2 protein chains.
Amino acid sequence: MPTATPYQQLEQEFRRLHAFRGVLALLRWDAAVTMPRASADVRGDQLAALEIESHTLLVSPRISRLLDRADANARSLAGWQAANLREMRRLHDHAIATPQSLIARMAKAFVRSEARWREAREANEFNVLAPQLEETVKLVRSKAELLGQRFSLDPWDALADEFTPGLLSRDIEAIFTPLGQRLPGLVTEAIEIQAAAPALPIEGRFSASRQRGLATDVMKALGFPFDRGRFDESDHPFTEGVPGDIRVSTRFVQKDPFRGLLGALHETGQALYDLGLPAEWVDQPVGQDRGMALEESQSLLLEMMAGRSRAFVTFLRPLLEKHYGAAGPEWSEENLYRHLNRVARGTSRTDADELTYQTHIWMRYELERRLLSGELAVRELRDAWIALSADRLGLVPANDVEGCLQDIHWAIGSFGHFPSYGVGAVIAGQLWETIREQQPGIDAEIASGQFGGLLGWLRERVHAMGASLGVPQLVQHATGRTLSAAPFLRYLERKYLAEPGTPG
Amino acid sequence: MPTATPYQQLEQEFRRLHAFRGVLALLRWDAAVTMPRASADVRGDQLAALEIESHTLLVSPRISRLLDRADANARSLAGWQAANLREMRRLHDHAIATPQSLIARMAKAFVRSEARWREAREANEFNVLAPQLEETVKLVRSKAELLGQRFSLDPWDALADEFTPGLLSRDIEAIFTPLGQRLPGLVTEAIEIQAAAPALPIEGRFSASRQRGLATDVMKALGFPFDRGRFDESDHPFTEGVPGDIRVSTRFVQKDPFRGLLGALHETGQALYDLGLPAEWVDQPVGQDRGMALEESQSLLLEMMAGRSRAFVTFLRPLLEKHYGAAGPEWSEENLYRHLNRVARGTSRTDADELTYQTHIWMRYELERRLLSGELAVRELRDAWIALSADRLGLVPANDVEGCLQDIHWAIGSFGHFPSYGVGAVIAGQLWETIREQQPGIDAEIASGQFGGLLGWLRERVHAMGASLGVPQLVQHATGRTLSAAPFLRYLERKYLAEPGTPG
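Our subject in this report is the structure included herewith. (Residues numbered from 1 in each chain as written. Chains lettered and ligands numbered in written order. Predicted model: local features only at pLDDT ≥ 70, side-chain atom pairs only at ≥ 80, totals over all residues. Heavy atoms only, no water.)

A separate point is the packing of aromatic side chains. Summed over the entire model, instances satisfying the criterion amount to 38 aromatic pairs over all chains. For the ring pair F224 of chain B and F226 of chain B, a centre distance of 5.0 Å and an interplane angle of 70° mean the geometry is edge-to-face. Relative to W410 of chain B, the ring of W385 of chain B lies with its centre 6.2 Å away and its plane at 80°, an arrangement referred to as edge-to-face. Taken together, the residues span a long stretch of sequence, with W385 of chain B in helix α15 (residues 381-393) and W410 of chain B in the loop between α15 and α16 (418-438) at a distance of 25 residues. For the pair W385 of chain B and W410 of chain B, one class covers both residues: buried. The ring centre of Y337 of chain A lies 3.9 Å from the NZ or CZ of R310 of chain A, which sits over that ring. Just above the ring of F231 of chain B sits the side chain of R212 of chain B; from NZ or CZ to the centre is 5.2 Å. (Phe/Tyr/Trp six-rings, centres within 6.5 Å; stacked < 30°, edge-to-face > 60°. Helix = DSSP H or I, 4+ residues; strand = E, 2+ residues; numbered from the N terminus. Buried < 20%, exposed > 50% of the residue type's maximum accessible area, 1.4 Å probe, protein only. Lys NZ or Arg CZ within 6 Å of the ring centre and 35° of its normal.)

To continue, consider the relation of the copies chain B and chain A. Under the fitted operation, chain B is carried onto chain A by 0.0 Å of movement along the axis and a turn of 180°, and the coordinates agree to an RMSD of 0.0 Å. The two molecules are tied by a two-fold rotation axis, judged by turn and shift. Rotation axis and chain B: the residue whose C-alpha lies nearest the axis is V23 of chain B, separated from it by 4.0 Å. Here 100% of the contact residues of chain B are again contact residues in chain A; the copies associate through an equivalent surface. (Least-squares fit on C-alpha atoms with pLDDT ≥ 70 in both. Contact = heavy atoms within 4.5 Å.)

To characterise two packed helices, one gives the angle between the axes of the helices and the distance between these axes. All names here are of chain A. In contact at an axis separation of 9 Å, helix α12 (residues 310-324) and helix α13 (residues 333-340) are set at 115° when each is read in the N-to-C sense. Here α13 runs roughly perpendicular to α12, going by the angle between their axes. Here the hand of the crossing between α12 and α13 comes out right-handed. Across the interface between the two elements, R310, V313, T314, R317 and L320 from α12 touch E333, E334, L336, Y337 and L340 from α13. When the residues that make up the contact of α12 with α13 are grouped by side-chain class, the tally is five nonpolar, one polar and four charged. (Axes fitted to C-alpha atoms, helices over the stretch in contact; angles between N-to-C directions. Parallel < 35°, antiparallel > 145°, perpendicular 65-115°, else oblique. Left-handed = near helix turned anticlockwise from the far one by under 90°. Nonpolar A, V, L, I, M, F, W, Y, C, P; charged D, E, K, R; others polar.)

As a further point, take the pairing of strand β2 (residues 238-242) of chain B. Along a regular strand, successive side chains alternate from one face of the sheet to the other. Where burial is concerned, most of β2 of chain B is hidden: four out of the five residues are buried. Hairpin remark: β2 of chain B followed by strand β3 (residues 245-250) of chain B, antiparallel, with two residues in the connecting loop; positive phi at G244 of chain B, about 110°. (Pairing = 2+ DSSP bridges.)

Take a look at the structure:
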């Protein structure tokens, strides 16, 4: 048997790391869905042990040597292998910049602050979380500074690179400047237009089991593989797992017939992305998704663009009759469309329409940069949140659960993540525009519950590329155009400035 | 800071191994309770990766060196530390006898044959499982032969040592010879006595949710910590996890009001053992349970002895009224006692009374020795099972689910395990006799739902010893007497030969 090349040995090592990633995913899924409440300390030890093990493997002198030897022979590698080697190098260089002791402390602290976040939400009191969040922010700041020094980046940029590989904050801000100029006016115009044609209210109590039944039917139509995946309820919608065992969860709110469904659509978008990643590279770095901004684009394309289109409402209408016994004028297609696309300034990010959503993102962007730099103390976060809400949204949250406790991200140590939601929307807008140009029958397909055309396009142009390209290159490859906010803005204007009743 | 001693370094390494054990426990729990059906291949890769990692750590040259150096300085260690070092050595020497490649192949094969076992049960067809079981048996045989060579043991004994440390098959057979001589006659006598005072049938449909409610109340009275543990439903009752996150599951059968409860009692006995292990050694080898026979003793003491006593029936009666609306003569304490302690020859091991149970165990003991030695081919297992059932029980199973598909053990590669159930019953008999001598008020306590006296005794005498003693030494320590079947036999005779209606 010939000796394995350095590159082949690297593939073998990263196969082990992939298995550990899957195990870590299950540990997190269980912590959010099935773990007993008081077991967070035990889980923290387990996560820490496995994170350290993964980290030790990734930064080992053996991997460093193999990378150097493989780099020296990179000319002999085929395209995907070369891209895989680049991703291996990226992961290795990032990991080696964070010491093991810090990783272990972060893992334990994040589990504790996540548990405290849940308690704080139950008590509706930010101060229950604050002391633990302070510890978490301190640790994240240490990591950001180390990464920043290593890669000569601003600390926040160093964290954000994990979520939007290939995009720096100056690129992100350049993309968003036109949005920031146009959106405030567009929000006002949309609200005025919609006020002239208001949606009838949809009232009632919709049990979790009915909402689950509806979402399950929709997920089946989208091709979610229930024999190799799960659909559960948790405090915050999320997707976790690996292709072959992918787990989606959503949150049901009894008086809102669509909240659980839209959360499920959002997460199913990400799950279908994971499932469409190149099968032959599933256990290698190049076979992974291209970061959170891309994941978010797949979620928003499904939840916001396809999932709230007139065509989708046509598909949905009989399912609402089946699961909710929907009857009456408030359940007409026109009213459902208005209901699902209503624009309103509100305090909740996850409930926000796609116009005001961007305001929430930039609010969090500002706050987390100030928290990270130390300019804002954790104990002042609630006041800062309230002040910024008042300024940007013209609203003050009624309490902590509706304000600074609404997101799980900071509690689990996730900083640099929020802007990827905004970038994700911009990417989704550009993909959606291209799909609609290239597949003129797409509306008729969606209306009849056929999602093969939409998903086939995404699978071929986006999912199948894995992590072989950077974010801007991937968008260029998929759409043939440079990444820009213009298509997203065109989509928003066409949709929200249209006369009521016109096809959207 | 002074350098850590070799022993202290070992403690640190075994702390990591403990975290991995907890993770492996969760992976298995999830596979049985929550994992999507078709994800067994993904889970197999994950289990294999983590088993290999644990194994690599345990057999590493570093651990070998540290063990040698710590052994050389063993005189400086306190009693528990010395016992911990002995257990570390035992685990290391066992692990090093099995090559990594075999461990990885076993982990994958066992997950596949467990999934196939579930499918075979659904199809009620042993041949669905047979090909995969053949692979599993082949791999287990390789392991047994390697271990046997290394420790100069019979291959089966080498496997069984994991379940009953310190007891060889000749000891086990010596303990059971008096049982084998007495039990057949005792079964016949008990059946005759009970025929003269039959139990009224208890009929009806008892939903899983009512049975769950009943079992939950009983587990609460026993002190099961629901904030640091779970109680679920699965195909086969089991306990999984670590102290701090311990998970019990049971199986509900709609027409049997007690099946789910008794399964839960059985598993709760094991869970309470785990929870009573010495807290300061929780992440070290000496802080673990003393093998399956001891675990089983804790399960059977609760399920069979305390849990079917007249005192327990008195405690249970109002809960049956609460959850089942129990009323009428069939729910009287006398009838419930008769119902719960009925002796009948049957084809199911888990449903068997404590008298005929031993026959099931010895039947499996014979079959698994023949499977392991190759004398019996897997494809002949069904026929051999039927023949042995007819000979020993005078019964032929109606189908595969009630016959050779009833146990999960062989499908998950567990050979050498069954006799530990029998030894567990014998140990439980000896513990129960001692408790009743030393705590004369125990019946009154149990009748009023007070389990503190019983559990306090077990915690102090058994649980708190961890793995610091071998099985025979631990029984000697707890009861002051040599391990023997005599107390178990006295218990059985007193109970089953008593006139109906006398206190049992």
